[in-house]
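Coordinate analysis (summary)
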Amino acid sequence: MTAERLAGYEHYHSFMDKLTEAGVDDYIDLPMIAVMGDTSSGKSSLLSNISLIELPSADVLTTRCPIMLKMHYSKKKSATIKISWKDDPIGKEEFAERTIEEDNWESITNAINAAQTHIIKISGKDVARDIVSVDIRGPHCEDLTLIDLPGIVRTTGKNESATLAEDIQGLMNDYLKNPRCVILAVMPCNVDFHNSQIMADALKVDPSTKRTIPVLTKPDLIDKGGERAVKDLLLGSMTQSFDCGFHMVKGRGQEALDKKQSIEDGLTAEESYFSNTEPWRGVEDKNLFGTKNLRIKLAELQMKLIQSSFMSIVSDLKSQREESLEHLTSLGAIPSTLSDKKALFRKIKEDIWSGMGSRTLDGRICCLHNDTEMRPSARFLDASTHYQTTLSKSKLANISEVVVGRKAIAYDEGKGKYDHGTVCFIDQSQGKVYLEEFIHKGRAPSSVINNKKGITGNIIHDRNKVYIEGPDGSVEELCTYDIETTHSDPAWIRELIKHNRPYKLPIFINTHVFEAIVADLIEREWMKPTMDLLDCTSKVMEAAAEAFIKELKDASPFHHLQTYLVTKAAEVVDVLTRETKRRVLEFVEREKVPYTQNHYLFENVCKLRSQRLMDEVNQALPQGDDDHYVNPQSLRATVKNIFQRNQEKSVDDHMAEEMQHALNAYGKVALKRFIDTVPMICVEVMQKFANKMNHILSDTSDDEIERFVTAPSNTVAKMNKLKRKADTLEKGIVALGELY
């Protein structure tokens, strides 16, 4: 390809060279042509012929690193040798860039050798990733860049590392896996193509053979009679098709090297060889032969590679740079001086003070998330609602309620008397109640018996009838009672009154018994849910503080600081919890002494006093909307009977019923105070946290700040790695700007 045909392209070629030189290829796959082969494949001779410089041979250099040959057309011949560091070893000595002019051209080999030796010395490795960069300019150059990789070795020498072969393979794999890398696979003609190591490696990563060019060398060493098979291989009839085809070159043999034949003379001899030697002279496509044709072919191929991948590379440059900067920003800044550390600590302290309120209580959000995690404020509200539900189901809040498992008094209208028993089933839809002690005589139907579970007390509901399993395995039908004339049995209260009766006239409610019942029920039923709510609030606050601290970007690089802040937050929550617990317990103790001015209590007591008699009268009257004739005499007898039964109750029965009414009414009042006051006290753990935390953090000493605001070595290494990546990609962006 002539210089005229490259008009404009050389800028893009130079741009790619700058990216490689800057190390961008560590992060982005760049288009390149990598030359690979065995140490005896003729690879060095091929590259020397392409570049017109003598490269160090394997017998001179036992340790290895890549050589980048960057060739550019120029009227004047020159070369510059420098090192592009990949691993950036600590304490490395810089290698002085060397420029070789045409009058001292033979010194290039020594300069390259010196650069390789310097890399190996600094890296301490037998095989290094760092690159010797050779910028070659001259009238013989196509605009072409090649990467010469260390030759594949099968065995190691006496003074070579035991892992040399493995290290070289690892270095080659770094280039092989680049999907934009064309593999120039060099192999001698006298080696079995199908058993070639380099071809096996190439086909692993390029099974479609779109980016592999097999280059056959040393055609003069083909065994007599084997030329036809090699020719068929060259023409593609012996193996799978390669998009870029095969190529054949002939370098200087050992005899020519011993005679100090120049590269130029060697190229002339190569042209003569292919023009005059069978079967090569008879091949119609002459572009398959010679270094000059290969040089042109590779330059055109590289131009296509750069053109096809240019926009995607630019896009990768920008996107990966932004990702690196974002990740770097997310890790926060690392201050070095005490003054800077104190400033950062103050900012973090202020962020905690100002941010915890909105995080824990206000429920403020800047965006909606799809996650199901509740905010602390919502979790506290949920816990408070659960607290209210728990207390609302307690005995103190429902003294007069008829519930399963509780003793009740049910009126048997047929017998005209009250039955006392334990409620075992309530049918709300039918308005019926069932006591486990009262059963009908008769045999249960087979449909019910077949549903037995063999559990004493098991209830079976069948066709509007209710059955219960007995301890002997029997199944019996339960008697039915109207829910309207069934009331909670205050017998337990009667027993308390009886056992604690004063010697004074026993016709008034014993306030001491009343107070004892209230205090006992509060202690037994309400104390644990109250403490549970406080404990839940404490845990919510502690978890919210820890999550908030761990999300602080400024604190994220400093694990010791995060641990310190989380520990202090836990201490603050613990102090506030203890203070709040004291206030909660004071409130509970006050509530154990019944008192209220709430008119609801008195109104409810008055209502409850007459409710039972009213329910019985209503139940005795005709039901439904139809007109019924009511015999006045019969009505009077019914009402008289109801009141007479009431009058026949003992004083203790009346006192127990009266106290039950008072407990029922007072329980509702106390319930309201508890479900309002306890959450308001508990929430102070969250309300006071920010100020308390701010106060405690203000006492942090300079020595503690110096110790805690220090990032761990792995974080520093991670940040340095990201910074290096961002800086490297920034160089690529700058090079892009220079392109236009």
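Because the structure is predicted, anything quoted here is derived from the model rather than measured.

Side note on the overall build of the protein chain
- Broken down by element type, the protein chain carries 22 helices and 17 strands.
- Burial analysis of the protein chain (740 residues in total) assigns 46% to the buried set.
- Carbon and sulfur atoms make up 50% of the accessible area of the protein chain, which totals about 38400 Å².

Focus on empty space enclosed by the protein
- Counting across every chain of the model gives one cavity of 30 Å³ or more.
- Here the largest cavity is characterised by a volume of approximately 90 Å³.
- Asp-17, Thr-20, Pro-31, Met-32 and Thr-145 are, among the 14 residues lining the largest cavity, the residues nearest its centre.
- Elements that contribute at least two residues to the lining of the largest cavity include exactly helix 1 (9-22), strand 1 (32-37), strand 6 (144-148) and helix 9 (291-331).
- With four residues, the single largest contributor to the lining of the largest cavity is helix 1.
- Considering only residue class, the lining of the largest cavity consists of nine nonpolar, four polar and one charged.

A word on the side chain of Ser-74
- Examined against the element boundaries, Ser-74 turns out to sit in the loop between strand 2 (67-73) and strand 3 (78-84).
- Here Lys-76 takes part through its backbone oxygen, which lies 3.2 Å from a polar atom of the side chain of Ser-74.
- Contacts of Ser-74, omitting those with residues within four sequence positions, involve Arg-137, Gly-138 and Pro-139.

What to know about the sheet that holds strand 16 (residues 481-482)
- The sheet built from five strands is open, its strands ordered 16-12-11-10-17 with antiparallel pairing. In the strand order of this sheet, the two ends are held by strand 16 and strand 17 (486-488), each with one partner.
- Two elements, strand 10 (residues 407-412) and strand 17, share three bridges in a ladder whose sense is antiparallel. What sits directly across from Ala-410, in strand 17, is Thr-486.

A look at the sheet that holds strand 14 (residues 465-469)
- Taken together, three strands build an open sheet; the order of strands is 13-14-15 and the sheet is antiparallel. Every other strand in the sheet has two partners, leaving strand 13 (459-462) and strand 15 (475-477) as the edge strands with one partner each. The sheet shows a mean angle of 30° between the axes of neighbouring strands, direction not considered.
- Alignment of strand 13 against strand 14, held across four bridges, turns out to be antiparallel. Counterpart to Ile-459 in the pairing with strand 14 is Ile-468.

Observations concerning the pattern of salt bridges
- For the structure shown, the criterion picks out 37 salt bridges.
- Notably, a salt bridge pairs Lys-259 with Glu-255, separated by 3.2 Å at the nearest N-O pair. Each member of the pair, Lys-259 together with Glu-255, is exposed.
- A salt bridge links Glu-546 to Lys-550, with the nearest nitrogen and oxygen atoms 2.9 Å apart. Here the residue Glu-546 and the residue Lys-550 both occupy positions in helix 14 (residues 511-551), the gap between them amounting to four residues, near one helical turn.
- Among the charged side chains, a network of salt bridges with common partners joins Asp-25, Asp-26, Lys-86 and Arg-129.

Re the packing of aromatic side chains
- Tallying each qualifying case throughout the model produces 14 aromatic pairs.
- On the basis of an interplanar angle of 50° and a centroid distance of 5.6 Å, the ring pair of Phe-193 and Phe-246 is categorised as tilted. Of this pair, Phe-193 sits in the loop between strand 7 (181-188) and helix 5 (197-205) while Phe-246 sits in the loop between helix 6 (227-234) and strand 9 (247-248), placing them 53 residues apart in sequence. Across the pair, exposure class does not vary: Phe-193 and Phe-246 are buried alike.
- Here the aromatic rings of Phe-274 and Phe-289 are separated by 5.0 Å at their centres, their planes lie at 40°, and the arrangement is tilted.

Remarks on helix 20 (residues 689-697)
- Those residues of helix 20 not exposed but buried are Phe-689, Ala-690, Met-693 and Leu-697. Angularly, the buried residues of helix 20 cover 95° about the axis, an arc narrow enough to put them on a single face. In helix 20, the exposed positions angled more than 90 degrees off the buried face are occupied by Asn-691 and His-695.

Let's talk about the confidence of the model for the protein chain
- Chain-level statistics for the protein chain give a pLDDT mean of 85 and a share of 88% at 70 or above.
- Confidence over residues 1-7 falls short of pLDDT 50; this stretch has 10 contacts with residues more than four positions distant or in other chains.

Quick word on the packing of helix 11 (residues 376-392) against helix 14
- Two elements in contact, helix 11 and helix 14, have axes separated by 10 Å at closest approach and are oriented at 175°. The orientation of helix 11 with respect to helix 14, classified from their angle, is roughly antiparallel. Facing helix 11, whose interface residues are Pro-376, Arg-379, Phe-380, Ala-383, Ser-384, Tyr-387, Thr-390 and Leu-391, helix 14 presents Trp-526, Pro-529, Thr-530, Leu-533, Cys-536, Thr-537, Val-540, Ala-543 and Ala-544.
- The residue inventory of the contact of helix 11 with helix 14, partitioned by class, reads 12 nonpolar, four polar and one charged.

As for the pairing of strand 2
- Here strand 2 lies mainly inside the structure; six of its seven residues are buried.
- Of the pairings in the sheet, the one linking strand 2 to strand 5 (residues 131-138) comprises seven bridges and is parallel in character. Residue pairing across strands places Tyr-73 opposite Gly-138, the latter belonging to strand 5.
- By the bridge criterion, five bridges tie strand 2 to strand 6 in an arrangement that is antiparallel. For Ile-67, the partnering residue across the bridge sits in strand 6 and is Asp-148.

Re a negative patch on the surface
- Together, Glu-101, Glu-102, Asp-103 and Glu-106 make up a region of like negative charge exposed at the surface.
- Inspection of the secondary structure assignment puts Glu-106 in the loop between strand 4 (98-101) and helix 3 (108-123).
- We classify Glu-106 as exposed; its relative accessible area is 60%.

A closer look at helix 11
- Helix length check: helix 11, at 17 residues, gives a terminal C-alpha distance of 24 Å against a target of 24 Å (1.5 Å per residue), a fit within 8%.
- Where helix 11 is concerned, the buried positions are Pro-376, Ser-377, Phe-380, Ala-383, Ser-384, Tyr-387 and Leu-391. Along the axis of helix 11, the buried residues cluster in a sector spanning 125°; they form a single face. Along helix 11, exposed side chains directed more than 90 degrees from the buried face belong to Leu-381 and His-386.

Focus: the packing of helix 4 (residues 164-176) against helix 5
- Relative orientation of the contacting elements helix 4 and helix 5 amounts to 40°, with a least axis distance of 10 Å. Considered as vectors, helix 4 and helix 5 are oriented oblique to each other. The hand of the helix 4/helix 5 crossing is right-handed. Residues Gln-169, Met-172 and Leu-176 of helix 4 form the contact with helix 5, whose participating residues are Gln-197, Ile-198, Asp-201, Ala-202 and Val-205.
- Partitioned by chemical class, the residues of the contact of helix 4 with helix 5 number five nonpolar, two polar and one charged.

Some points on the pairing of strand 5
- Most of strand 5 is tucked away: seven of the eight residues are buried.
- Where strand 3 lies against strand 5, seven bridges are found, and the strand directions are antiparallel. By the bridge assignment, Ile-81 is partnered in strand 5 with Val-134.

Calculation rules
- Residues numbered from 1 in each chain as written.
- Predicted model: local features only at pLDDT ≥ 70, side-chain atom pairs only at ≥ 80, totals over all residues.
- Heavy atoms only, no water.
- Helix = DSSP H or I, 4+ residues; strand = E, 2+ residues; numbered from the N terminus.
- Buried < 20%, exposed > 50% of the residue type's maximum accessible area, 1.4 Å probe, protein only.
- Areas by Shrake-Rupley, 256 points an atom, 1.4 Å probe, with all protein chains shown as cover.
- 1 Å grid on protein atoms, 1.4 Å probe; cavity = no way out; pocket = protein on both sides within 12 Å on 5 of 7 lines; lining within 4 Å.
- Points joined across faces, edges and corners; volume = space filled by probe spheres on them.
- Nonpolar A, V, L, I, M, F, W, Y, C, P; charged D, E, K, R; others polar.
- Polar contact = N/O pair within 3.5 Å; in protein donor to acceptor, adjacent residues only side chain to side chain.
- Contact = heavy atoms within 4.5 Å.
- Pairing = 2+ DSSP bridges.
- Axes fitted to C-alpha atoms, helices over the stretch in contact; angles between N-to-C directions.
- Salt bridge = Lys/Arg side-chain N within 4 Å of Asp/Glu carboxyl O.
- Phe/Tyr/Trp six-rings, centres within 6.5 Å; stacked < 30°, edge-to-face > 60°.
- Arc of directions from axis to C-beta.
- pLDDT = per-residue confidence, 0-100.
- Parallel < 35°, antiparallel > 145°, perpendicular 65-115°, else oblique.
- Patch = residues over 30% accessible without salt bridge, like charges linked within 9 Å, V, L, I, M, F, W, Y side chains within 5 Å.
- Lys, Arg positive; Asp, Glu negative; His and termini not counted.
- Charge placed at Lys NZ, Arg CZ, Asp CG, Glu CD.
- Expected span 1.5 Å × (residues − 1).
- Left-handed = near helix turned anticlockwise from the far one by under 90°.

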